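Fold and geometry: a report
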Amino acid sequence: MKNIKQSWAEPYKIKMVELLKMTTPAQRKKAMQDAGYNTFLLKSEDVYIDLLTDSGTSAMSDRQWAGMMLGDEAYAGSRNFYHLEQVVQDVYGYKYLIPTHQGRGAENILSKILIKKGDIIPGNMYFTTTRLHQELAGGKFEDIIIDEAHDSESEFPFKGNVDLDKLERLIKKHGAAKIPYVSMATSVNMAGGQPISMKNLKALRAMTKKHGIRVIHDMTRVAENAYFIQQREKGYENKTIKEIVHEINSYTDGATMSAKKDALVNIGGFLAVNDWDIFEEARNMVVVYEGLHTYGGLAGRDMEAMAIGIGESVSDEHIKARVGQVIYLGEKMLEYDVPIVKPIGGHGIFVDAKKFLPHIPQDNYPAQTLAAEIYLDSGVRTMERGVVSAGRKANGENYYPKLELVRFTIPRRVYTQAHMDVIAESAGRVYQRRAKIKGMKMVYEPKYLRFFQAQFEKLK
Ligand code: PLI
């Protein structure tokens, strides 16, 4: 008898649906031109399947919606803050909580507190907003991720790992006093949602401890990272996601969180620290930039939805289905020979635009071009994660990242397996006609985080 495999499936059923608009090729052509070939500038109503981001786009559960009705909208001391504080302590294990309107609010406060002009901030690959806040605070980001992370073909299972030799060299060169913290992300976004291993994290902890350097955790997608540790790292196969998340956090001194991802809410974030002095300063600063320290720019109902979402996000069944759907899409794309980042990561499929469109030089934006072509083909909206996202250095020169990617990001609990089929087929169709696709030039470039609002024209 044939061995029948056990498929993953969603641990929920659908109670309400949102109707989508289907568009014609002519409508999409007009919409893309009006958007200056930037998928961020499309109107959402012109999009069929929205894979721009997994940020703030998840479907909340009935329990989260019920929690919204329990919002205590007091200016100070909302009961939802105390609930959130208790959940952050219990699930994540950090002592002190400062809520913020989203992740970059926490990055701003943390960077202002810890970074002095001329400081060096090593990290396992940059993230756009994180690095910008480090730079605005006077610091310089240094990439210390392992080399495999920059190679879309490498099947290394923990491409989010820190290269400890690179870190050691930075400490030798600049001195530990110039390094306020190591910026360590779980599920490294720009590398394709790639995990860091517990072994590497423990070694990072040991090295930084020796030099008196903090580790600050970008824990935006920590549960997805925990899933890969459970699946791939020896000794963790029988541990729960919650246990693994707790252990990851125990090797760090604090965290910034965009709760719009893992934590299953449409808005929210926080800074969490173990050090009273940093907490005290952050609590002073949050009132300047976000709001009182018991709401940080959020409504009481938002904090309640976040508290409940955090609990749901570390459920083993939830994470298995969430990552299972991403892997399903990736494997479908591989059937159509579409070049993707391997191994498949936690929150989306990252298509290698340099391999997809090898005839388009990076200065003509292959990933930006490909994202536009996918939308024109099927109304699926994706995001550029290449030279446009990387932006410019402080001296005005372009960063040229090795990875030039289009991210097909999967919102949590939103789309079905049939949607995944349609997405993969669209990528496959565009791949078949790739030789005819021409690059673009940038005709408008904003000063900060240019990928959000830049505009392009097609080359003739
Ligand atoms: O978008 P925010 O401000 O809530 O969070 C910023 C942020 C910080 N770290 C990481 C790893 C992120 O992925 C992140 C935001 N990511 C977005 C918006 C994304 O589309 O991936």
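The text that follows walks through the structure, step by step, so that each part is easy to find.

Below, the discussion takes up the overall build of the protein. Helices and strands together make up the secondary structure of the protein, namely 16 helices and 14 strands. For the protein, the spread of C-alpha atoms along the principal axes amounts to about 60 × 55 × 55 Å. Residues counted as buried form 60% of the 460 residues belonging to the protein. Long-range contacts, defined here as pairs at least 24 residues apart, represent 73% of the contacts in the protein between residues at least 6 apart. Within the structure as shown, the protein displays about 19800 Å² of accessible surface, and the carbon and sulfur contribution to it stands at 52%.

Moving on, we get to the site of the ligand. Residues in close proximity to the ligand total 17 residues, the closest being Thr53, Arg104, Asp218, Ser258 and Lys261. A distance of 2.7 Å separates an oxygen atom of the ligand from a polar side-chain atom of serine 258. Protein contact buries 94% of the 470 Å² of open area that the ligand shows by itself. The element contributing the most residues to the shell around the ligand is helix H4 (residues 103–114), with three residues. The class makeup of the residues in the shell around the ligand is two nonpolar, eight polar and seven charged.

This part covers the side chain of arginine 28. In this structure, arginine 28 sits in helix H1 (residues 25–34). Despite its burial, arginine 28 pairs with no opposite charge; the closest candidate is aspartate 377, at 6.4 Å N-O.

What follows is about the sheet that holds strand E9 (residues 348–352). In space, the three strands of this open sheet follow the order E9-E12-E11, with antiparallel pairing throughout. Edge positions in the open sheet fall to E9 and strand E11 (383–385), since each of these has one partner strand only. Averaged over all pairs of adjacent strands, the angle between their axes in this sheet comes to 30°, without regard to strand direction. One ladder, built from five bridges, connects E9 with strand E12 (residues 405–409); its direction is antiparallel.

Conventions used here
Residues numbered from 1 in each chain as written. Predicted model: local features only at pLDDT ≥ 70, side-chain atom pairs only at ≥ 80, totals over all residues. Heavy atoms only, no water. Helix = DSSP H or I, 4+ residues; strand = E, 2+ residues; numbered from the N terminus. Buried < 20%, exposed > 50% of the residue type's maximum accessible area, 1.4 Å probe, protein only. Contact = heavy atoms within 4.5 Å. Areas by Shrake-Rupley, 256 points an atom, 1.4 Å probe, with all protein chains shown as cover. Near = heavy atom within 4 Å. Polar contact = N/O pair within 3.5 Å; in protein donor to acceptor, adjacent residues only side chain to side chain. Nonpolar A, V, L, I, M, F, W, Y, C, P; charged D, E, K, R; others polar. Lys, Arg positive; Asp, Glu negative; His and termini not counted. Salt bridge = Lys/Arg side-chain N within 4 Å of Asp/Glu carboxyl O. Pairing = 2+ DSSP bridges. Axes fitted to C-alpha atoms, helices over the stretch in contact; angles between N-to-C directions.

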